[in-house]
Each structure stands twice: as structure tokens, then as C-alpha cells.
Amino acid sequence: MRALLLTFPLLLANTAIAGVDHPPADDNPQAEGEVVIPAPIRAMLDAAIAAGNDAEVATIVKYARTADPASGDAVAKVAAAWRDERARAHDTRVREAGLFDLWRGRAELGGYLTTGNSETVGATGVLDLTREGIQWRNKVRLQADYQRSLGITTREHYLASYEPNYKIDSRRYIYGAAQFEADRFLGYTQRYSSSVGAGYSAIQTPAVKLDLELGPAYRYTAFTDQTAQSSLAARGSMDFRWKFAPGLKLTQVASAYLQQYNSTVSGTTAVAARLLGPLSAQLSYVVQYESMPPAGRRTTDTTSRASLVYTF
């Protein structure tokens, strides 16, 4: 199909010059007075529609309109009808889906084990789930990091979050967020956060996506020094994804909770390379900053990870 698209402009030019007016096929009758779509163009259009490739359909419409506006409009009409029917079928499928249907996501798993002069074991796991509905989007994230060296636990971080989004239109939405964290090496045994605010999809292209969120929040933190703290905060987040080459993707996810006492800023930068089908290899770098950790704790914690990612 791609090779045919490369020769498509030449095909259209030859059709226009020759003034060919192909009769419609027997299984595709033409109404009286309706413009006939040349058979080669119709064949490519039908093939692109059968493959469900919207980009190829758009390319055929573009070149058909350039070479012959009359038949080009007929091609555009067929393409528009196909898109409308596909949208209706999608909406019907989403409305009839059950609670556990339509979930898509990614599972990330990494780990290491050393023996001999040093004995170290470490593992990391992340599960991201997203369910796209007509009016609602639901996102779930589960994460665990664990490391033990010479019989002593040196890292232990757990996170669980849920974020529902109510879509106002294709770009704007209202979000809610609830999150639980535990990381005694960062100075807290448990932290609960909740927030509601506005979200905006600033960039929406096949290669680049950028979502921004901002709103008020409330946080409760129980520290390792037996103290606790709760207060209102301001929450902001950024989710940037860039497919900069075939099979290569860069992601940058960052969030901030700014408050009177201990503020938190965290960010994850990752590069993933597709290995085979849904399986990718990923390198990531995580930074978390706590403005006022308990005594004896550092303000900044970083983690570098190599892992395998399975997308489903």
C-alpha cells in the first residue's frame, strides 16, 4: 500500500491527462449524475479504508483533490462517510463496554542480583493503566522499588495513585487525583495526597503529546521521626511524550506539591527503544526533592533504572 501511495501523484496525473472516465464496477453502482471515481483511485481508497489507516486515506484525498477537484470531492465524501461510521461504531463499543473492558497500559519490570564479594538484590515494578471513555478518562498507577545490600534494606518506595478526568472537549478536562506514598528513606512512612483542578492537552500530534495540570491539593504526611503534618498545597504536573524516531520514545513526567511546610518536586525522564512487538527496553532517571525532610535526611534523592516494558 505504501508503494502505491508513492506512485499516487503520477497515477493521478496520467488519469487527468488521459481524461479517463472509468465506469463503476458492477458491485459498486453509481447514481445518475454522480461523479465517477477512477477505478485505480477507488481501489487504493478501498484498500486504505479496509486497513483502517486514516493517514493513508487522508493522503489519497489530498492528491485526488489536487489532480481532479471533481473526483477529489467524491473521494473526500467517501472518506468522510467512513470516518463518521467508524466514530459511531467506536462510541457504541465504548458505551456497551463493561467495567473491566477498554483498559490499556504498560508494565515495567527491572531488577538485579549480585553475589560473591557483595550481595545485593533489587527490583522495581511499575503498572500504568488507562481507560478512555467518551466523557471520562481513568488512570491508575502502581509502583514499587526495593533494594537490599549485605542484609540491609537500602531502598523501599511504594506508590499507588488514581486519577479520573472529565473531558470538557478534545483538549480541556477537569481532573481529580488521589495518591498514597511510602518511603522511609526519604523521611516519611506514609503520605496521602488529594487534588482537583484543570487539565489541558497543549500538544496533540502522533509524535508529540503534552498534558498540563494545575489545581489545589491537600496532603497528610507521617514522618519517620514520629511527627505528622497536614496542610493545603498547590499541585502542578506535566506529562510530555515524544516519538523522535521509529521505535524510540522520550518521556518526561514531572509533578510538584508546593505548600507552607515540606514541598515536593519529582520528575522522571525515560528513553525507551522498541525491541520486539510490544516489548521495549527503557532507561530512566528519577529525581525527588523534599524541601524540609526530617533531620538527618537529604533533600534530594535520585534513582537510575534499566528495565523492560511491555505495552498492552
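Everything numeric in this text was worked out from a predicted model, so none of it was measured. Along each chain, residues carry numbers from 1 onward, in the same order as the chain's sequence is written. Confidence filtering applies because this is a predicted model: local features only for residues at pLDDT of at least 70, side-chain atom pairs given and counted only at 80 or more, and all residues used for totals across whole chains, interfaces and linings. The side-chain numbers reported here are obtained from all heavy atoms of the structure, hydrogens and water having been left aside.

Examining the overall build of the chain
By the criteria applied, helices consist of DSSP H or I runs no shorter than four residues and strands consist of E runs no shorter than two, each listed in order from the N terminus. When helices and strands are tallied, the chain shows five helices and twelve strands. Buried means the residue's accessible area, taken with a 1.4 Å probe over protein chains only, is under 20% of the maximum for its type, while exposed means over 50%, and partly exposed covers the values in between. Counting over 312 residues, the chain shows a buried share of 33%. In what follows, a contact means two residues having at least one pair of non-hydrogen atoms within 4.5 Å. Sequence-distant contacts in the chain: of pairs separated by 6 or more residues, those separated by 24 or more amount to 49%. For every accessible area listed, the method is Shrake-Rupley and the probe measures 1.4 Å; residues are considered covered only by the protein chains on display. Counting only carbon and sulfur atoms, one obtains 60% of the accessible surface of the chain, whose full area is about 18,300 Å².

Let's talk about the sheet that holds strand E8 (residues 228-245)
One bridge is not enough; two strands pair if DSSP finds at least two bridges between them. Ordered by their spatial adjacency, twelve strands build a closed barrel running E1-E2-E3-E4-E5-E6-E7-E8-E9-E10-E11-E12, and the pairing between neighbours is antiparallel. Sheet twist, expressed as the mean angle between neighbouring strand axes with direction ignored, is 20°. Examined bridge by bridge, strand E1 (residues 103-114) and strand E2 (residues 120-132) share twelve bridges and lie antiparallel to one another. What sits directly across from Leu109, in E2, is Gly125. Only the stretch in contact is used when fitting a helix axis, every axis being a line fitted to C-alpha atoms; angles between N-to-C directions are given from 0 to 180 degrees.

Here's the deal with the environment of Pro294
Here Pro294 lies in the loop between strand E11 (279-290) and strand E12 (300-311). The spatial distance from the C-alpha of Pro294 to the C-alpha of Tyr188 is 8.4 Å, given a sequence separation of 106 residues. Pro294 has contacts with Leu186, Gly187, Phe223, Thr224 and Asp225, leaving out every residue within four places of it along the chain.

A closer look at the pairing of E1
In summary, the side chains of a regular strand alternate between the two faces of the sheet. Bridge count between E1 and E12: four bridges; the pairing is antiparallel. Bridge pairing in E12 places Arg106 opposite Thr311.

Describing helix H3 (residues 39-51)
The terminal C-alpha atoms of H3 lie 18 Å apart, and with 13 residues this matches the ideal 18 Å at 1.5 Å per residue to within 8%. For H3, every residue scored as buried is listed here: Ile41, Met44, Leu45, Ala48 and Ile49. Looking down the long axis of H3, one finds its buried residues gathered within 135° of arc, a one-sided arrangement. Turned more than 90 degrees away from the buried face of H3, the exposed residues are Ala50 and Ala51. Residue count minus one, scaled by 1.5 Å, sets the expected span of a helix. In this description, one arc is meant: the one made by directions from the helix axis to the C-beta atoms.

A closer look at the nonpolar core
One broad rule of soluble globular proteins: the nonpolar side chains tend to lie buried together. Of all hydrophobic cores here, the largest spans 15 residues; its most connected members are Leu45, Val57, Ile60, Val61 and Val75. Secondary structure elements with two or more residues in this core: H3, helix H4 (54-67) and helix H5 (69-96). With residues near it in sequence (within four places) discarded, Val75 still touches Ile37, Ile41, Leu45, Ile60, Val61 and Ala64. Grouping buried Ala, Val, Leu, Ile, Met, Phe, Trp, Tyr and Cys residues that are joined through side-chain atoms within 4.5 Å yields what is termed a nonpolar core.

Re the packing of aromatic side chains
Under the pairing criterion, centres of Phe, Tyr and Trp rings, with the six-membered ring standing for Trp, must be within 6.5 Å; the plane angle then separates stacked pairs below 30 degrees from edge-to-face pairs above 60, leaving the rest tilted. Enumeration over the complete set of coordinates arrives at five aromatic pairs. A positively charged side chain is recorded as over a ring if its NZ (Lys) or CZ (Arg) lies within 6 Å of the ring centre. The angle to the ring normal must also be within 35 degrees. Over the ring of Tyr63 we find Lys62; its NZ or CZ atom is 5.7 Å from the centre of that ring. Positioned above the aromatic ring of Tyr173, the side-chain terminus of Arg137 is 5.3 Å from the ring centre.

Describing unusual backbone geometry
A positive phi is found at Leu150, a non-glycine position, where the angle reads about 50°. Positionally, Leu150 belongs in the loop between strand E3 (136-149) and strand E4 (152-167). Overall, Leu150 belongs to the exposed group, its relative accessible area being 61%. A positive phi angle is found at Gln226, which is not glycine, with a value near 75°. Relative to the helices and strands, Gln226 is located in the loop between strand E7 (208-223) and E8. Since its relative accessible area comes to 73%, Gln226 is described here as exposed.

What to know about a nonpolar patch on the surface
On the surface, a cluster of nonpolar side chains totalling about 590 Å² of accessible area is made up of Leu275, Leu276, Leu279, Leu308, Tyr310 and Phe312. Broken down by secondary-structure element, the contributors of at least two residues to the nonpolar patch are strand E10 (264-276) and E12. Secondary-structure assignment places Phe312 in the segment after E12. Residue Phe312 is classed as partly exposed on the basis of its relative accessible area, which comes to 39%. Patch definition: residues above 30% relative accessible area lacking any salt bridge, with like charges linked at up to 9 Å and the nonpolar side chains Val, Leu, Ile, Met, Phe, Trp and Tyr linked at up to 5 Å. Whenever a carboxyl oxygen of Asp or Glu lies within 4 Å of a side-chain nitrogen of Lys or Arg, that contact is scored as a salt bridge.

Overview of the side chain of Asp145
Structurally, Asp145 is set in strand E3. Exposure remark for Asp145: the relative accessible area of 3% places this residue in the buried category. Distance and chemistry together define a polar contact, namely a pair of N or O atoms within 3.5 Å, with one atom able to donate a hydrogen and the other to accept it when in protein, and with adjacent residues in sequence counting only for side-chain atoms on both sides. A distance of 3.3 Å separates a polar atom in the side chain of Asp145 from a polar atom in the side chain of Gln143. Beyond its immediate chain neighbours, meaning those up to four positions away, Asp145 contacts Ala123, Thr124, Arg155, Glu156, His157 and Arg305.

With respect to the pattern of salt bridges
For the coordinates displayed, the defined rule picks out 22 salt bridges. A salt bridge links Asp145 to Arg155; its shortest N-O distance comes to 3.4 Å. Taken together, the positions of Asp145 in strand E3 and Arg155 in strand E4 put the pair ten residues apart, joining distant regions of the chain. The pair Asp145 / Arg155 is uniform in exposure class, with both members buried. With a shortest N-O distance of 2.8 Å, Arg305 and Asp145 are connected by a salt bridge.

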